[in-house]
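Structural characterization, general
Next come the chains, spelled out residue by residue.
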Amino acid sequence: MTQYMVKHTPGPWTAEYANDSELELHGADGSYVIDGCGCCGSPFGQNFKHDIPLIAAAPDLLEALKLAQVRLFMLDGSSPEYKAAGVAISKATGEPS
């Protein structure tokens, strides 16, 4: 089974729009993950609001997928589901699959 290193900002993440226009996404330590106003072609304008819950859930989703992959490995380490979980985790962590 593959071991993955954590290189992202630790979760949980919280997201909000400051002044109803500037996206702020913070890590558990209060650091900024994303801070943008949507100006100058930034993708973080008002149309981005619908993606905030998914982005904020990313660390939790990654952890859940790692746990699911362990269970899938115990059931059948060669299953397509186990392999798909590994590909998604690698994509999220930036490590080779």
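About the cut-offs
- Residues numbered from 1 in each chain as written.
- Predicted model: local features only at pLDDT ≥ 70, side-chain atom pairs only at ≥ 80, totals over all residues.
- Heavy atoms only, no water.
- Phe/Tyr/Trp six-rings, centres within 6.5 Å; stacked < 30°, edge-to-face > 60°.
- 1 Å grid on protein atoms, 1.4 Å probe; cavity = no way out; pocket = protein on both sides within 12 Å on 5 of 7 lines; lining within 4 Å.
- Points joined across faces, edges and corners; volume = space filled by probe spheres on them.
- Helix = DSSP H or I, 4+ residues; strand = E, 2+ residues; numbered from the N terminus.
- Nonpolar A, V, L, I, M, F, W, Y, C, P; charged D, E, K, R; others polar.
- Expected span 1.5 Å × (residues − 1).
- Buried < 20%, exposed > 50% of the residue type's maximum accessible area, 1.4 Å probe, protein only.
- Arc of directions from axis to C-beta.
- Contact = heavy atoms within 4.5 Å.

Bringing the packing of aromatic side chains into the picture now. We describe a pair of aromatic rings using the distance from one ring centre to the other and the angle between the two ring planes. If you walk through the whole model with that rule in mind, you get one aromatic pair. Relative to tyrosine 82, the ring of phenylalanine 73 lies with its centre 5.5 Å away and its plane at 45 degrees, an arrangement referred to as tilted.

Let us look at the layout of surface pockets. Size it by volume and the largest pocket reaches roughly 170 Å³. Ala58, Pro59, Leu61, Leu62 and Ala92 are, among the ten residues lining the largest pocket, the residues nearest its centre. Mapped by element, the contributors of at least two residues to the lining of the largest pocket are α1 (52-76) and α2 (80-93). A per-class count over the lining of the largest pocket returns nine nonpolar, one polar and no charged.

Another aspect to go through is α1. Here α1 is 25 residues long and its end C-alpha atoms lie 34 Å apart, about the 36 Å a rise of 1.5 Å per residue gives. For α1, every residue scored as buried is listed here: Ile52, Ala56, Pro59, Leu62, Lys66 and Gln69.

Right, let's talk about the environment of tyrosine 17 for a bit. Take tyrosine 17: it is sitting in strand β1 (residues 14-18). Overall, tyrosine 17 belongs to the buried group, its relative accessible area being 14%. Through-space distance from the C-alpha of tyrosine 17 to that of isoleucine 52 is 9.4 Å; in sequence the pair is 35 residues apart.

Here the focus is α2. For α2, spanning 14 residues, the distance from its first C-alpha to its last is 20 Å, which sits close to the expected 20 Å at 1.5 Å a residue. Along α2, the residues that are buried comprise Tyr82, Ala85, Gly86, Ile89, Ser90 and Thr93. Take α2 and look down its axis: the buried residues cluster within an arc of 135 degrees, on one side only. In this structure, α2 carries Pro80, Lys83, Lys91 and Ala92 as exposed residues pointing more than 90 degrees from its buried face. Here the buried face of α2 lies against α1. Trailing α2 by a residue or two, glycine 94 shows a phi angle of about 75 degrees, which is positive.

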